[in-house]
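Given next are the chains, with one letter for each unit.
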Amino acid sequence: MKLSQRQCFIILFAIVILLSALQLTVGGSSINWWMPNALEKDIIWDIRVPRTLLTWLIASALGLAGAVMQLLLRNPLAEPGITGVSGCAALVTIACLYFGWLPAFSFGLPALALVGGLLGVSLLMVLAGRRASPTRVILAGVAIATMSSAAMGLLLYLAPNPFAFQEWAFWHMGSLANKSWHSVMLALPGIVLAFPIVWLGRRFLYALTLSEETVATMGFNVARYRNWMLLAVALLTTASVVAVGVIGFVGLLAPHAVRLLGFNHPKYVLWLSPVTAILLLISFDTLAQLMSTARELPVGILAALVGAPLLIVLLVRERNSHA
Amino acid sequence: MLELDDLYLAGISRPRLQHINLKLTSNQLIGVIGANGAGKSSLLRGIAAVEPQLKGHIRFKHQDWLRLSHRQRQKYLGYLPQTEAPEWDIRIDELVNLSAQVTHSQLMKHLEKYALLTLKERRVSQVSGGERQRALLARATLSEPQLLICDEPVSGLDVAHQLTIMQQLHNHARTHGLVLAAIHDLALAARFCDSLLLMHNGELVQSGEPFEVLTEKNLAHCFGVQAEWFCKDNGVGWIPTPLQAVKD
């Protein structure tokens, strides 16, 4: 039996709800859910709930950003983490935070970091060139990601705050640990802005199943639509990076999971990817918490452990299809 | 219906198009012929408004064609480029209705017209090259465009598919408007097209009915061949020989 988009969405969503409930129950302290005392209430409302909400926000942003990038670049390998867009956003975030340009919590942070995100997508487009082959985009992306990662390390090392360098792992591998409502508020504006932009450009992204040239004859001003979609990718990526650091591969895994379920049409990939990404990231985060002992494992490590082999499989498939 | 006024397109060593002046009327299938690099694709891409560097004027139904917005042009235009590979492995009916502009019954009718009904649930990777080309043509004609531009629609297809596609282009011209198609097979062009545009080195050498254009002089000058033609009531055939071989 073939499931419709709606049915599949509902099933995925139900699993997400179940997993969210599971995620709420794991953590450093055990909680009496039937009759929480004052401390336990604080833990629930100030730690567990914002963490789950943040997971939803970040994952849907990463999933949507990955899907948009893949459809826009007509490239099944594209993803904000691998292509260095996240790294560029993180670079500006770190500069702002550790060099005292901005207070620790300010809406100026996502706004400034957006400059980094936009720089990342622009660099990628310039380095790879238009109509670049999938592997070329990845090559350009790896260069940008490596550069931004090294620069992030250098900035953290040089930062006046002596503890900054200890947060290296947080920024590079991303973590949902120790998050509060502040992080939710940091991530929210960019994501709220980006979803309508993608919605308005959805038909353009579907049409890009065919070449840009054909899409231009289908009633779309390709340059204008492309710039809006790149802005959406930058917004989504930046929103996730300022809140939780660079979590790679979720944006790669989610669209491919959707395709693996047999939904190849861009409309399914675009709108099922966010919910699939939530499912994945909640699983990764729950697992990370369960595996952790003294210090919590950054969730990005798990995402990369699962995501990188997929990238390798896709690269091999890419090579074979050109052979 | 379509007027081209002094089209010019710069190229790397020489202009890809120059001095193109032409008036075309509706309900015709126009074949664009010429050797490789003669400027067939450039001309078609220019008319489809996907060559940003194109200079000159194009008037379509008394409108400045190149100044229209993408959305306005889309109402009249169908375009099938030379090489089109759908990036995602979607179903044939999804491919044909990619821009989701028609109702289900309209789509079924259109699929039937292009003999795609039995293939509609297959994926792009599960059909042959000819079937895929037919689906792409069906995609380009779904909005019943008054101006249909196809760049080598039958290259690389087997003979049965070539004939079907040419027949469909012919039908489209009769019922909806003007069809321009670049064609390498001169016999096919002579048989199906109402008139031919012969291109050589970016210039329009001659336009007119097939046998006004496919003269001995033109074939020698533009293709470097000599040909023996034979005509039957239901079609034409030819045996070309390279000029070099004739001299030997």
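The coordinates are above.
Note that the structure is predicted; figures quoted are calculated from it, not measured.

Caption draft 1: Representation of the overall build of chain A. When helices and strands are counted, chain A shows 13 helices and zero strands. Across chain A, helices and strands are ordered from the amino to the carboxyl terminus as α-α-α-α-α-α-α-α-α-α-α-α-α. Rg of the C-alpha trace for chain A: 19 Å, near the compact-globule value of 20 Å for 323 residues, within the 12% margin. With the principal axes as the frame, chain A shows a C-alpha extent of 65 × 55 × 35 Å. Put simply, chain A has 323 residues, and 49% of those count as buried.

Caption draft 2: Highlighting the sheet that holds strand β1 (residues 2–9) of chain B. Residues and elements named next belong to chain B. Ordered by their spatial adjacency, four strands build an open sheet running β2-β1-β4-β5, and the pairing between neighbours is antiparallel. Looking at strand neighbours, the two that pair on one side only are β2 (17–24) and β5 (63–64), the edges of this open sheet. Across five bridges, β1 lies against strand β4 (residues 55–60) in antiparallel orientation. Bridged to L2 within β4 is F60. Against the sheet, helix α1 (residues 40–47) touches β1, β2 and β4, its axis set at about 60 degrees to β2.

Caption draft 3: Local environment of the sheet that holds strand β3 (residues 29–33) of chain B. Residue and element names in this part refer to chain B. Strands sit in the order β6-β7-β8-β3-β9-β10 across an open sheet of six strands; the sheet is mixed. Every other strand in the sheet has two partners, leaving β6 (77–80) and β10 (203–208) as the edge strands with one partner each. Strand after strand, the sheet turns through a mean of 15 degrees between neighbouring axes, direction not considered. Relative to strand β9 (residues 195–200), helix α9 (residues 216–223) is tilted by about 40 degrees, and along the sheet it contacts β9 and β10.

Caption draft 4: Region of the structure containing unusual backbone geometry. Residues and elements named next belong to chain A. Notably, N178 is not glycine yet its phi reads approximately 55 degrees, a positive angle. Assignment of secondary structure puts N178 in the loop between α6 (168–173) and α7 (181–200). Classification of N178 by C-beta neighbours within 10 Å gives exposed; the count is 10.

Caption draft 5: Just the environment of B:R16, in detail. Residue and element names in this part refer to chain B. Position of R16 among the secondary structure elements: in the loop between β1 and β2. Taking C-alpha positions, R16 is 25 Å from Q74, a pair spaced 58 residues apart along the chain. Excluding residues that lie within four positions of it along the chain, R16 makes contacts with L9, G11, G39, S42 and G202.

Caption draft 6: Region of the structure containing the nonpolar core. In this structure, A:I58, A:V68, A:V233, A:L236, A:V250 and B:V32 are the most contacted members of the largest nonpolar core, which totals 178 residues. The element that contributes the greatest number of residues to this core is helix α2 (residues 38–73) of chain A, accounting for 15 residues. Each residue touching A:V250, except ones within four places of it in the same chain, is listed here: A:A59, A:L62, A:G63, A:A277, A:L280, A:L281 and A:A303.

Caption draft 7: Summary view of helix α11 (residues 250–260) of chain A. All names here are of chain A. The buried fraction of α11 is high, at nine of eleven residues. Where α11 is concerned, the buried positions are V250, G251, L252, L253, A254, P255, H256, A257 and V258. Looking one or two residues beyond α11, the residue adopting positive phi is G262, at roughly 95 degrees.

Caption draft 8: Fine view of the interface of chain A and chain B. Chain A puts 18 residues into the contact, and the matching count from chain B is 17 residues. A breakdown of the residues in the side of chain A that touches chain B according to their chemical character gives seven nonpolar, eight polar and three charged.

What counts and how
- Residues numbered from 1 in each chain as written.
- Chains lettered and ligands numbered in written order.
- Predicted model: local features only at pLDDT ≥ 70, side-chain atom pairs only at ≥ 80, totals over all residues.
- Helix = DSSP H or I, 4+ residues; strand = E, 2+ residues; numbered from the N terminus.
- Rg over C-alpha atoms; globule rule 2.2 N^0.38 Å.
- Buried ≥ 20, exposed ≤ 12 C-beta atoms within 10 Å, placed from the backbone.
- Pairing = 2+ DSSP bridges.
- Contact = placed C-beta atoms within 7 Å.
- Axes fitted to C-alpha atoms, helices over the stretch in contact; angles between N-to-C directions.
- Core = buried A, V, L, I, M, F, W, Y, C linked by C-beta atoms within 7 Å.
- Nonpolar A, V, L, I, M, F, W, Y, C, P; charged D, E, K, R; others polar.

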